[in-house]
Amino acid sequence: MISILHYGYSFIMLLGALYFYLLSKDPKGVPASEYLIAMVIPLWSGAAYLSIALGQGLFQYDDTTIYYARYIDWVISTPLLLAALALTAMFGGKKNLTLLFSLVALDVFMIITGFVADLSIGTTKYIWYSLGVIALIIILVITFGPLRRIALSNGTRLARHYTRVAIYLSALWVCYPTAWLLGPSGLGLAQELTEVLVFIILPIFSKVGFSIVDLHGLRKLHQSSYVHNA
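Predicted, not measured: the structure shown is a model, and the values here were computed from it.

(A) Just the overall build of the protein, in detail. Counting its secondary structure elements, the protein contains eight helices and two strands. When the helices and strands of the protein are read in sequence order from the N terminus, they spell out α-α-β-β-α-α-α-α-α-α. Against the compact-globule benchmark of 17 Å for 230 residues, the protein has a radius of gyration of 18 Å, which places it among compact chains. Dimensions along the principal axes, computed over C-alpha positions, put the protein at roughly 65 × 35 × 25 Å. In the form shown here, the protein has an accessible surface area of approximately 11100 Å², with 71% of it arising from carbon and sulfur atoms. If you average the places of the 14 positive and of the 10 negative side-chain charges in the protein, the two averages end up 19 Å apart.

Written as structure tokens, this is what we have:
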């Protein structure tokens, strides 16, 4: 059952990448880099989860199944998601590379501490977990602080779109540490199959779903600007 779920996830990710490729054929003013990011995210994630389906992306540790392929997925795909979000805030304006790199560094730190927490026991587990949560909180502060101010400086319409996708992504991201804490890796209040389902459903919406909402919003913004200026 678990293998079938991961095969299905990989297939959905492949379809998502194909969809973004087709969108890129008519970019409507959205930079090619944003379409590329949208394509790489599901391709990478699908490949990582395929390794789980094939029995390669997991191992047993201290009577717990460690899905290390998830962390391989997240350490690449989640920084790319944050890059996409940051580029949305900076759409049509100057790119703040310092802010962008800060987000990526915080995100990589968050994923690594999560993996170390998965390999830890007792109090040590929650120390590493807490460090990851702190990194997530800082990411959220940057998302709704400096990044939102940048979006506002590029126009109220862009700011509205940015705020919408930022809330969308942030709400889903908060669910990740919550699911981890409740699952077998944390308090063990949820069964493994439930955790597997959660970590399949959440990425579908936070990766493919986010890119669909974000890219279509940017395409509409450009089209409206073009019609207004025509």
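Let's pick the thread back up.
(B) Spotlight on empty space enclosed by the protein. As enumerated under the stated definition, the model contains three cavities of 30 Å³ or more in all. What the largest cavity holds in volume is close to 310 Å³. Per-element accounting of the lining of the largest cavity gives the leading share, five residues, to helix α5 (residues 122-144). Per-class residue counts for the lining of the largest cavity are 14 nonpolar, three polar and no charged.

(C) Main features of the pattern of salt bridges. The full count for this structure, using the stated rule, is three salt bridges. Two residues, Lys28 and Asp26, come together in a salt bridge whose shortest N-O distance is 3.2 Å. The shortest N-O distance in the salt bridge between Lys207 and Asp73 comes to 3.7 Å. Remark: Asp73 occurs in helix α3 (residues 68-89) and Lys207 occurs in helix α8 (residues 192-229); sequence separation between them is 134 residues. By relative accessible area, which is 1% here, Lys207 ends up buried.

(D) Representation of the nonpolar core within the structure. Among the nonpolar cores identified, the biggest contains 64 residues, and Leu147 and Trp173 are the most heavily contacted of them. Put simply, the parts of the chain that give this core at least two residues each are α1 (2-24), α2 (32-53), α3, α4 (97-118), α5, α6 (146-153), α7 (156-182) and α8. Once you skip the residues sitting within four places of it in the chain, Trp173 turns out to touch Thr78, Leu81, Leu82, Asp107, Met110, Leu136, Ile139 and Ser206.

(E) Layout of the environment of Tyr162. As for its position among the elements, Tyr162 is in helix α7. Sequence spacing of Tyr162 and Gly92 is 70 residues, and the spatial spacing of their C-alpha atoms is 13 Å. Look past the residues within four positions of Tyr162 in its chain and what remains in contact with it is Leu85, Thr88, Ala89, Thr143, Leu147, Arg148 and Ala151.

Calculation criteria
- Residues numbered from 1 in each chain as written.
- Predicted model: local features only at pLDDT ≥ 70, side-chain atom pairs only at ≥ 80, totals over all residues.
- Heavy atoms only, no water.
- Helix = DSSP H or I, 4+ residues; strand = E, 2+ residues; numbered from the N terminus.
- Rg over C-alpha atoms; globule rule 2.2 N^0.38 Å.
- Areas by Shrake-Rupley, 256 points an atom, 1.4 Å probe, with all protein chains shown as cover.
- Lys, Arg positive; Asp, Glu negative; His and termini not counted.
- Charge placed at Lys NZ, Arg CZ, Asp CG, Glu CD.
- 1 Å grid on protein atoms, 1.4 Å probe; cavity = no way out; pocket = protein on both sides within 12 Å on 5 of 7 lines; lining within 4 Å.
- Points joined across faces, edges and corners; volume = space filled by probe spheres on them.
- Nonpolar A, V, L, I, M, F, W, Y, C, P; charged D, E, K, R; others polar.
- Salt bridge = Lys/Arg side-chain N within 4 Å of Asp/Glu carboxyl O.
- Buried < 20%, exposed > 50% of the residue type's maximum accessible area, 1.4 Å probe, protein only.
- Core = buried A, V, L, I, M, F, W, Y, C linked by side-chain atoms within 4.5 Å.
- Contact = heavy atoms within 4.5 Å.

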